[in-house]
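# Overview (structure and organization)
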Amino acid sequence: MTRPLFQLRRGTSIIEMLVTIFVFSMIMTIVTAMFFVLLQTYNINDAQAQLIGNASNIQTRFLANVNGAYGILPSATVNGTAYTSGQNAVILRVAALDAQGAPIANTFDTAVIAADPNDASQLLEIIVPDATSKRPAATKLLTGNLDQYVLTYRNADAVTSNDVTLTMTLVKSVARSTITHTFRIYGKLRNT
């Protein structure tokens, strides 16, 4: 049996190349789509985790103020803004502190928890110390993701109540999704 001197090598046809390119592009399209779905899922889960963490921080600050308060004041003017205890704000009498951080007898600071008058999506904690108190004056942002909130009291009159409940909804937009987290915090004043 004799072998031919030159063997013909068959190459890849243009049809085979086009089919290969088409299959590869379909695979890449599916992989890319899966990547974007996973990225969006990650972003949604991250936003939910941030809202839950934010809710935990709000709970800590709210309970520190309410559980340490000796009463609810009917109203107060802070930095030129008038606040009234009710569904939208709570004004608390908290113990004034000396230089060592110990309470000063019969002397009280004021703590206000209310929405920012300039931006309703922000919930503020405002501390107004008595002239003898060493507690620093402060305005702290509790959250910037506020959608809605309401303060409720056991008694119809907030000032005579010995407890306060904060119910709020936080909201965050991610991609084309809106993530919400609603929670309730119950606090009981110190003097009860």
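This write-up is about the structure you can find in this document. Source: prediction; values computed, not measured. (Residues numbered from 1 in each chain as written. Predicted model: local features only at pLDDT ≥ 70, side-chain atom pairs only at ≥ 80, totals over all residues. Heavy atoms only, no water.)

### Structural notes on the sheet that holds strand S10 (residues 177–188)
Inclusion rule: Any two strands with at least two DSSP-identified bridges between them are counted as paired. Comment: elements are numbered from the N terminus, with helices defined as DSSP H or I runs of at least four residues and strands as E runs of at least two. Think of each axis as a best-fit line through the C-alpha atoms, taken over the contacting stretch in the case of a helix, with angles from 0 to 180 degrees between the N-to-C directions.
Strand order in this open sheet of 3 strands is S8-S9-S10, and the pairing throughout is antiparallel. The open sheet terminates on both sides in strands that have one partner only, identified here as strand S8 (146–153) and S10. Neighbour-to-neighbour, the strand axes of this sheet turn through a mean angle of 10°, independent of strand direction. Here S8 pairs with strand S9 (residues 163–174) via 7 bridges, running antiparallel. Opposite Leu-151, over in S9, you have Leu-166 as the bridge partner.

### Considering a nonpolar patch on the surface
Test applied: Surface patches are drawn from residues lacking salt bridges whose relative accessible area is over 30%; two like charges belong together within 9 Å, two nonpolar side chains (Val, Leu, Ile, Met, Phe, Trp, Tyr) within 5 Å. Values of accessible area rely on a 1.4 Å probe in the Shrake-Rupley scheme; residue burial ignores everything except the protein chains shown. The working definition used for a salt bridge is a side-chain nitrogen of Lys or Arg within 4 Å of a carboxyl oxygen of Asp or Glu.
Nonpolar side chains collect at one region of the surface, where Ile-14, Ile-15, Leu-18, Val-19, Phe-22, Val-23, Met-26, Ile-27 and Val-31 lie side by side and expose about 870 Å² of accessible area between them. When you line up the elements, Val-31 lands in helix H1 (residues 14–67).

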